[in-house]
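Inside the fold
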Amino acid sequence: MAAQTFLTAKEADVLKKAPAVEGVLPAIHERWSARSFDGREVSAEVLEKVFEAARWAASSGNEQPWRFVVGLRGSETFRKLLESLGGFNREWAGRAAALILGTAATRFSRNGAENRFALYDLGAAAANLTLEAAALGLTTHQMGGFDQEAARKALGIPAEYALGAVIALGYRGEPAELGNESLIERETTPRTRKPLSEIVFGEWGEAAKL
Ligand SMILES: Cc1cc2nc3c(=O)[nH]c(=O)nc-3n(C[C@H](O)[C@H](O)[C@H](O)COP(=O)(O)O)c2cc1C
């Protein structure tokens, strides 16, 4: 039987990228959530830039509620985060250079009041992080599929911090190296989005006239 051929990393990248729309930031066009990593490490300098981008996100009351726990592959933190992932995510995320857990303080530091926007703000910081990573030629993959309580316990995260997603970060690898056909298929299928008319309204439910 002839060996099956899969798209190369470069071909998959072309297929996955959002269509370029003039005036939209290049990093938005570049970013997509890959699952194949080439195993390369990420330098401290690059990691610092990625977190610097997260640091400058807007937040309610400038609380900056986000706290990130980062584990480099080979470290105990990486192992603990990997172990907390659901089986599907564990299949591929172990080749990432780093696993990052985003958390957010659920109370304002100035008065102890509940911060209803803590996870909203963490999401904004995570978006900055993923876009900066894309601009630096890295891929990120956010995952909600992990055991929150197991991660909290293993990493000693206090109860007053809500957990967001685990983010796998690294350099993209060859889809074929994912080994599993269903993962390879996901890696080489075009991305889709709802049209603007379904998500931007002038009046509720009616497409805005842009
Ligand atoms: C909060 C959140 C949780 C996610 N959880 C998972 C997950 O557990 N496993 C996974 O493979 N992808 C996960 N994803 C990735 C999404 O499936 C992906 O972002 C979406 O399909 C859009 O694709 P794109 O990021 O390439 O644009 C998650 C993304 C986000 C933002």
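Rules and cut-offs
- Numbering of residues begins from 1 in every chain and follows the order in which that chain's sequence is written.
- Where local features are concerned, this predicted model is filtered to residues with pLDDT of at least 70; where side-chain atom pairs are given and counted, the filter is 80 or more; whole-chain, interface and lining totals use all residues.
- In this text, helices come from DSSP runs of H or I with a minimum length of four residues, and strands from runs of E with a minimum of two, each type numbered from the N-terminal end.
- Helix span is expected to be 1.5 Å times the residue number reduced by one.
- Residue burial is a threshold on neighbouring C-beta atoms within 10 Å of the residue's own C-beta, all placed from the backbone, with 20 or more meaning buried, 12 or fewer meaning exposed, and counts in between meaning partly exposed.
- All residues are tested the same way: a C-beta atom is placed from the backbone, and lying within 6 Å of a molecule or strand makes the residue near it.
- Here the term charged refers only to Asp, Glu, Lys and Arg, the term nonpolar to Ala, Val, Leu, Ile, Met, Phe, Trp, Tyr, Cys and Pro, and the term polar to all other amino acids, Gly among them.
- Remark: nonpolar core denotes a set of buried Ala, Val, Leu, Ile, Met, Phe, Trp, Tyr and Cys residues whose joining runs through C-beta atoms within 7 Å.
- What counts as a contact here is a pair of residues whose C-beta atoms, placed from the backbone, lie within 7 Å.
- Here an angle of 0 to 180 degrees is reported between the N-to-C directions of two axes, which are lines fitted to C-alpha atoms, with helices fitted over the stretch in contact.
- With the far helix as reference, a near helix turned anticlockwise by less than a right angle produces a left-handed crossing, and one turned clockwise produces a right-handed crossing.

Attention now moves to helix α6 (residues 118–135). When the terminal C-alpha atoms of α6 are compared, their 26 Å separation across 18 residues agrees well with the 26 Å that a helix rising 1.5 Å per residue should span. Across the 18 residues of α6, 13 count as buried, placing the element largely inside the fold. G137 sits one or two positions beyond α6 and adopts a positive phi of about 85°.

Further remarks concern the site of the ligand. Residues in contact with the ligand, as listed here, are W32, S33, N89, Q142, M143, G144, G145, A165 and R191. When the residues that make up the shell around the ligand are grouped by side-chain class, the tally is three nonpolar, five polar and one charged.

One finds A96, L99, V166 and L169 to be the most contacted residues of the largest nonpolar core, which totals 40 residues. Considering every element that reaches this core, the biggest residue donor is α6, with nine residues. Sequence-distant contacts of A96, defined by excluding residues within four places in its chain, comprise F37, R73, A168, L169 and G170.

Packed helix pairs are characterised by how far apart their axes lie and by the angle those axes make with each other. Direction vectors running N to C along helix α3 (residues 44–55) and α6 enclose 145°, while the axes themselves pass 7 Å from each other. As α3 packs across α6, the resulting crossing turns out to be right-handed. Between α3, through K49, V50, F51, A53 and A54, and α6, the contact on the second element is made entirely by A125, A126, N128, L129, L131, E132 and A133. When grouped by side-chain class, the residues that make up the contact of α3 with α6 number nine nonpolar, one polar and two charged.

Right, let's get into the environment of F51. Considering the arrangement of structural elements, one finds F51 in helix α3. We classify F51 as partly exposed; it has 16 C-beta atoms within 10 Å. For the pair F51 and L163, spaced 112 residues apart in sequence, the C-alpha to C-alpha distance is 17 Å.

Any link to function would need more than the numbers given here.
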